[in-house]
Amino acid sequence: MTPELMTTLFLTALFLNLGIEVFLNIKNQFHIGLHRHQVPEEFAQTISLEAHQKAADYSRAKLRLARYALFFDAAILVLMTLGGGFQEIYHFWRQTTLAPIWQDIGFIISSLWFLSLLQLPFSIISTFKIEEAYGFNKMTPMKMVSDLLKSWALMLVLGVPLLWVILTLMNAYFDSGWWFYTWLVWMAFNLFILWAYPKWIAPLFNKFTPLEEGEMKQRIEKLLQRTGFKSNGIYVMDGSSRSGHGNAYFTGMGKNKRIVFYDTLLESLTPEEVEAVLAHELGHFKHGHIRKQLLLSAMISLIGFYLLNWLAHQPAFFEGLGMTTETPAAALLLFITAVPILFFFLAPFFAIKSRQNEFEADAFAAKHASADALTSALLKMYRDNASTLTPDPWYSAWHDSHPPAKIRIDHLKSMTQDAEKETQKGAKDND
């Protein structure tokens, strides 16, 4: 490999990705606008024209901002790599009197912090202009600053020890299999975060209270018994303190598993609909989607560390991405920030797999709760979250982790019809 080849590969992938993303962005915005003036027939009885147009305008506003962010991100990545930005930060830390490993840690942490700081204006515009304009924002400037400081503090508390271990291994075993030892450390770290998140990390940003006694809790507990799912509790999160959007999820592992509902979601759904939504989430667990995702992540990260090991021994890798210093720390930062763009074409394949998982989870919910209840819950969530009902098919195929509204609702309706046919057939057999 030559530096010129590395630079060419990087720029080709960067601009090809930028071109595809901008094309799909504009195509989606046009497609949504084209269908803005009429609610799709299958949703007309549930979604008003006003709600449909709000979702269209909201989606298009987010797409416009995302388009600016695409160009900005590409320019910043070129500036920090080929433009020498990372190299300048590296020189700054090398001039300090810190021990070499702490200089390397400072270099990586400060570079990532700087990149996150550059993204802050887009977050501010999204929150205080777009979300505010469409009635979703509940965030205050002070709360945003507080969340930001907490996130940076977590980066230091969790990231510094992790980087110290990784860089120590890279420096000590650079020519003898450091990548495998580092992969073991990385997987252990991810499992720890998955275990610790619901109890120690999430409460730093939101309040979680046990679900109150009543019909809803009784339905949920019966569902958990039917499906054999054990958790450490059913909690309501104060999502309304930051946003008007609603959702539900379960998180954690082992005895730290928790079921979490946004308070905004519980306000709009009936107990039967909440049960169906939870059944969908349990479907992901029962079908092993989380376990499979962890295994896939483990495989990808193993390949990634092996690739990093190979690249770190190629002088052209550093020079081709604007670094004159060839150190493990420089290789790690370039791998985190620049190398992912080379694999942008894999995104739709992961999206396809995710949509397949959603169909499986929907089928589980239809079996253990109610397909009709899940359908009505989804329609309310589309309406309340201002989710467009008419995304461009190409954009959706490339990006969306969930099936488009029409395809998903049609799939649920077909399961309802199949269940009715089975019931009728069973009744005739009994006769």
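Residues numbered from 1 in each chain as written. Predicted model: local features only at pLDDT ≥ 70, side-chain atom pairs only at ≥ 80, totals over all residues. Heavy atoms only, no water.

Would you mind going over the overall build of the protein chain with me for this structure?
If you tally the helices and strands in the protein chain, you get 16 helices and four strands. Relative to a compact globule of 431 residues, whose C-alpha radius of gyration would be 22 Å, the protein chain shows 24 Å and is just as compact. Along the three orthogonal principal directions, the C-alpha set of the protein chain runs to about 80 × 50 × 45 Å. In the protein chain, buried positions account for 46% of the 431 residues. Contacts in the protein chain between residues at least 24 apart in sequence constitute 78% of all its contacts with a sequence separation of at least 6. When the accessible area of the protein chain is evaluated, it comes to approximately 22200 Å², of which 64% is carbon and sulfur surface. Of the side-chain charges in the protein chain, 37 are positive and 39 negative, and the distance between the mean point of each set is 4 Å. (Helix = DSSP H or I, 4+ residues; strand = E, 2+ residues; numbered from the N terminus. Rg over C-alpha atoms; globule rule 2.2 N^0.38 Å. Buried < 20%, exposed > 50% of the residue type's maximum accessible area, 1.4 Å probe, protein only. Contact = heavy atoms within 4.5 Å. Areas by Shrake-Rupley, 256 points an atom, 1.4 Å probe, with all protein chains shown as cover. Lys, Arg positive; Asp, Glu negative; His and termini not counted. Charge placed at Lys NZ, Arg CZ, Asp CG, Glu CD.)

For this particular structure, what's the right way to read a nonpolar patch on the surface?
Residues Leu296, Met299, Ile300, Ile303, Phe343, Phe345, Leu346, Phe349, Phe350 and Ile352 make up a contiguous nonpolar surface patch of roughly 920 Å² in combined accessible area. Of all elements in the fold, only α10 (289–312) and α13 (347–368) reach the threshold of two or more residues within the nonpolar patch. (Patch = residues over 30% accessible without salt bridge, like charges linked within 9 Å, V, L, I, M, F, W, Y side chains within 5 Å. Salt bridge = Lys/Arg side-chain N within 4 Å of Asp/Glu carboxyl O.)

How should the pairing of strand β4 (residues 258–262) be read in this particular structure?
Within β4, four of the five residues are buried, which leaves it mostly tucked inside the rest of the structure. As paired elements, strand β3 (residues 248–251) and β4 share four bridges and run antiparallel to each other. Along β4, the bridge assignment pairs Phe250 with Ile259. Between the end of β3 and the start of β4, which pair antiparallel, lie six residues, with Gly252 showing a positive phi angle near 90°. (Pairing = 2+ DSSP bridges.)

Which parts of the structure should I look at to understand the nonpolar core?
Generally speaking, nonpolar side chains in soluble globular proteins are found buried as a group. Counting residues in hydrophobic clusters, the biggest one holds 55 residues, and the most contacted among them are Phe107, Ile108, Leu167, Phe317 and Met323. Top element by residues in this core is helix α1 (residues 3–34). It accounts for eight residues. Sequence-distant contacts of Phe317, defined by excluding residues within four places in its chain, comprise Met1, Met6, Leu311, Ala331, Leu334, Phe335 and Val339. Core analysis: the next-biggest nonpolar cluster, separate from the first, contains 40 residues, Val39, Ala51, Ile234 and Tyr382 among them. (Core = buried A, V, L, I, M, F, W, Y, C linked by side-chain atoms within 4.5 Å.)

So what exactly am I meant to see when it comes to the environment of Gln417 here?
Topologically, Gln417 is positioned in helix α16 (residues 405–430). Each C-alpha atom, one on Gln417 and one on Ala371, is 9.8 Å from the other, the two residues being 46 residues apart in sequence.

Before we go on, may I ask you to explain the environment of Tyr249 in this structure?
Inspection of the secondary structure puts Tyr249 in strand β3. Sequence separation of Tyr249 and Phe15 is 234 residues, and the distance between their C-alpha atoms is 36 Å. Setting aside residues no more than four positions away along its own chain, Tyr249 makes contact with Phe208, Met237, Arg258, Ile259, Val260, Tyr262 and Glu281.

Please clarify how the sheet that holds β3 should be interpreted in this entry.
Pairing is mixed across the open sheet formed by four strands, whose spatial order is β1-β2-β4-β3. With partners counted over all chains shown, the strands left at the sheet margins are β1 (208–210) and β3, one partner each. With direction set aside, neighbouring strand axes in the sheet form an average angle of 30°. When strand β2 (residues 234–237) meets β4, the two strands line up parallel, connected through four bridges. Pairing of Tyr235 across the sheet is with Val260, part of β4. (Axes fitted to C-alpha atoms, helices over the stretch in contact; angles between N-to-C directions.)

Everything listed is a geometric property; what it means functionally is a separate question.
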